[in-house]
Amino acid sequence: MDVLIQLGSGILTALEPLNLGLAILGVVVGLFVGAMPGLGSVNGVAILLPFTFVIQQATGSATSPMIFLAAIYYGAMYGGAISSITLGIPGASTAVATTFDGRPLALKGQADRALVVAAVASFVGGTVSNILFTAFAPPLANVALQFGDPEIFALMLLAFATFVGLGGDDIPKTIFSICFGLVVATVGFDIVSGEPRLIFGSELTWAFGDAATQTANQWFSRGIQFLVLAIGVYGIGEMIWTINSSRGGTSMSEVKVSFARVMASIRSFPEAWKGTTIGSLLGFFVGILPAAGATPGSLMSYGVAKMTSSNPEEYGRGSVDGVAAPEAANNSASTGAMLPMMTLGIPGSPTTAVLLAGMVIWGLQPGPLLFSDQPDFVWPLVGSFYISNVIALLVNLAFIPLFLWVLRMPFTILAPVIFVLSLVGVYAAYQNIYDVWLMVLVGFGAFFLRVLDYPLAPAVLAIVLGPIAEPKLRQSLLFSDGDVSIFFTRPIAGPITVIAIILILLPLVKVVRNQLRGPSPAE
Amino acid sequence: MRKAELVTAVLLGVMSLYFMWKAGEPPAWNPDVGRFANVGFIEGEGPGSGFWPFWLSAVMLICCIWIFVNGIRRTSPPSQSTEPFLDEYGRLQLILVGGGLIGFLIMIYFAGFYGAIFLFMLYYLLVLGRHRWTTSLAISVALPVISFFFFDVAMRIVLPKGYLEPLFLPLYDIFL
């Protein structure tokens, strides 16, 4: 009952004119970034994070900027379907599975039906996950209050282990990416001993002189800022990669939209109940898993919906369930990913990693204490999930023609605008031109690594979690006098650590076994 | 692609070694402490300041060796690919886009942020996008103007103006 009262109060706060306006703006921006191929929720949230400081300054609270960013996250989940269906190109990785049946439906002349099914399924998925979030988050936060340093470190280890075990990317490259993010996060002063670490530049005195070295020392002493890396990866690197990979034209399916056709599609939505149910439930639980997020959630839901269907042969040819399952799942998973972020301080996806970094920058401490110490922040945010979900459905259905028009905008207009936003945003956040230089260099590096299949999301997650994980490890080892068994013998930390180690070892065993057998004939 | 995979693994391996070496650096104020004294467990203090970055960099190095071996054995997708790392189109795009970004950064010192935004947008829209002059000019003017009102006027974050600073003085009088 207490939860319902707090939720009601949170919804009322979320409905205040400023917050409602920000939610609408966020949803529109999210729908846009989700719909544009090459841009996803993480790009939108990372690039616009520096711009939210003005909202925080104006309101004096972190609630309104967070509502704005969360609405972008939500809107992007809806928006991804628009380009998947009409262009056959996923607007974001979270909408890859939507192309499997959305595009065939569009080619059959039923693009409007596919768009409506995607929007309504997204709404149902979002609503179901919001209810599950409201039910599970407070008790989980209460349990997490009992966690000490070893438990929190074990959870972080689990987050990284799921990237290795479930990420599906090249194992050594994933581990490299995680470790790189963790190491980069240590640049600056050690918060435990106060000693400077990884202050680069002294090696180049012979080339640039003492003054340049001193400048470099001062600059590195501040540490490498999160936004520099996140926007470098998602604002510069991904954009260059998209420009390079999106060569050639795409054809947009013809979409006939009218009020009568939209209403007819809504009335026939119950045909997609099975896919929607599977997506809503499975998406939420996959979303909760650290490092899993909406993309695997939508792919798994599509697979399960197909597997349990009485007409599996329909899938891939334009099944409405095949559109509903991934769309319900990606929305559901996006809320699911918020659960560990807000209750444990561990993000469930790259986008929630950026949101978590934003919370830290705004002066909040994500984790179990958030629910007890910051109810004025938590409940309006949860309330805004419900509100944003309704707004996203209405805006999506009402403005389908507008989004189709926007999708026709050449990428050669959008790309330079994003570059400008990235450069100006990073400068505005830190007011240091060296940060802007580093961001561009990081962008180039991220592009080259992306071409070579290095996963970059683990590095971004690691940069956020590194400053939390390291002190927890060191304090745990100090407490146990250097004995690592502390992570195995405590009742909560023990099982989590064991699961994490299994998740890391299983793919390693598989890789070693395959390598011992030698390359297969196909290789 | 395979050559790029191997060269990148070597470069990242060298970077990992450098990180290990830097992680073991003693603090400047205490020259008596030897290099790498901080990467282990210090009695009464727990793990030293270099413990975390040193051992993580060591894992990075192991991963680089692993990636290199996979490249030699052709067991990773990039090492099996016969496609070039960057084809002619990719190289040209990288030079044009990357060159534009570097040019943007250099222009900030001379024309300030707003002048650089104008020039970068004009370059990108005309040269890379091949849009019409009118469209290109309209967007290139609109973006710095909107940015000025958002940052300098609304957020009170003064972006560098370079040699164009005198042009902004009347605007400061009106809006700030």
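Look above for the structure.
Structural notes, computed from the coordinates. Bear in mind that the values here come from a model prediction, so they are computed numbers and not experimental data.

### So, the overall build of chain A
Within chain A, the secondary structure is distributed over 24 helices and two strands. In summary, chain A has a C-alpha radius of gyration of 23 Å against a globular reference of 24 Å for 523 residues, a match within 12%. When the backbone C-alpha atoms are referred to their principal axes, chain A occupies close to 70 × 65 × 55 Å. Put simply, chain A has 523 residues, and 59% of those count as buried. Contacts in chain A between residues far apart in sequence, at least 24 positions, make up 79% of those at least 6 positions apart.

### Points about the overall build of chain B
Each helix and strand in chain B was counted, giving six helices and two strands. Reading the secondary structure of chain B in the N-to-C direction produces α-β-β-α-α-α-α-α. Here chain B has a C-alpha radius of gyration of 25 Å; the compact-globule value for 176 residues is 16 Å, and the former is much larger. For chain B, with 176 residues in total, the buried portion stands at 34%. Pairs at least 24 residues apart make up 55% of the contacts formed inside chain B by residues separated by at least 6 positions.

### Points about the interface of chain B and chain A
Taken together, the contact between chain B and chain A spans 57 residues of the former and 49 residues of the latter. Breaking the side of chain B that touches chain A down by element, the ones donating at least two residues are α1 (2–23), β2 (46–47), α2 (51–73), α3 (77–80), α4 (88–128) and α5 (133–155) of chain B. Sort the elements by how many residues they give to the side of chain B that touches chain A and α4 of chain B lands first, with 17 residues. Its residues assigned to classes, the side of chain B that touches chain A comprises 40 nonpolar, 13 polar and four charged.

### A few points about unusual backbone geometry
Trans peptide bonds make up the majority, and among non-glycine residues the majority have a negative phi. Positive phi, close to 70°, is recorded for D453 of chain A, a residue that is not glycine. In this fold, D453 of chain A is placed in the loop between α21 (433–451) and α22 (457–479). Positioned with a positive phi, F36 of chain B is a non-glycine residue whose angle comes to about 70°. As for its position among the elements, F36 of chain B is in the loop between α1 and β1 (41–42). What makes F36 of chain B partly exposed here is the crowd of 16 C-beta atoms within 10 Å.

### Topic: α2 of chain B
Here α2 of chain B is 23 residues long and its end C-alpha atoms lie 33 Å apart, about the 33 Å a rise of 1.5 Å per residue gives. Positive phi appears at R74 of chain B, one or two residues downstream of α2 of chain B, with a value of about 55°.

### Some thoughts on the nonpolar core
By size, the foremost hydrophobic cluster in this structure holds 219 residues, and its most contacted members are V45, I72, L115, V117, M156, A230 and V460 of chain A. If you tally residues by element for this core, the top one is helix α7 (residues 111–144) of chain A, at 17 residues.

### Here we look at α21 of chain A
Three or four residues apart is the spacing at which side chains of an α-helix point the same way, because the helix has 3.6 residues per turn. Its 19 residues place the ends of α21 of chain A 28 Å apart at the C-alpha level, agreeing with the 27 Å of an ideal helix rising 1.5 Å per residue. Among the residues of α21 of chain A, those classed as buried are D435, V436, M439, V440, V442, G443, A446, F447, L449 and V451 of chain A. Taken together, the buried residues of α21 of chain A touch α11 (226–245) and α20 (411–430) of chain A together with α4 of chain B.

### Some thoughts on the packing of α11 of chain A against α20 of chain A
Residues and elements named next belong to chain A. At their nearest, the axes of α11 and α20 sit 10 Å apart, and the two run at 170° to each other. Relative to α20, the element α11 lies roughly antiparallel. Across the interface between the two elements, L227, V228, I231, G235, I236, M239 and I243 from α11 touch A415, I418, F419, S422, G425, V426 and A429 from α20. In terms of residue class, the contact of α11 with α20 is made up of eleven nonpolar, three polar and no charged.

About the cut-offs
Residues numbered from 1 in each chain as written. Chains lettered and ligands numbered in written order. Predicted model: local features only at pLDDT ≥ 70, side-chain atom pairs only at ≥ 80, totals over all residues. Helix = DSSP H or I, 4+ residues; strand = E, 2+ residues; numbered from the N terminus. Rg over C-alpha atoms; globule rule 2.2 N^0.38 Å. Buried ≥ 20, exposed ≤ 12 C-beta atoms within 10 Å, placed from the backbone. Contact = placed C-beta atoms within 7 Å. Nonpolar A, V, L, I, M, F, W, Y, C, P; charged D, E, K, R; others polar. Expected span 1.5 Å × (residues − 1). Core = buried A, V, L, I, M, F, W, Y, C linked by C-beta atoms within 7 Å. Axes fitted to C-alpha atoms, helices over the stretch in contact; angles between N-to-C directions. Parallel < 35°, antiparallel > 145°, perpendicular 65-115°, else oblique.

Scope: geometric values only; no functional claims are made or implied.
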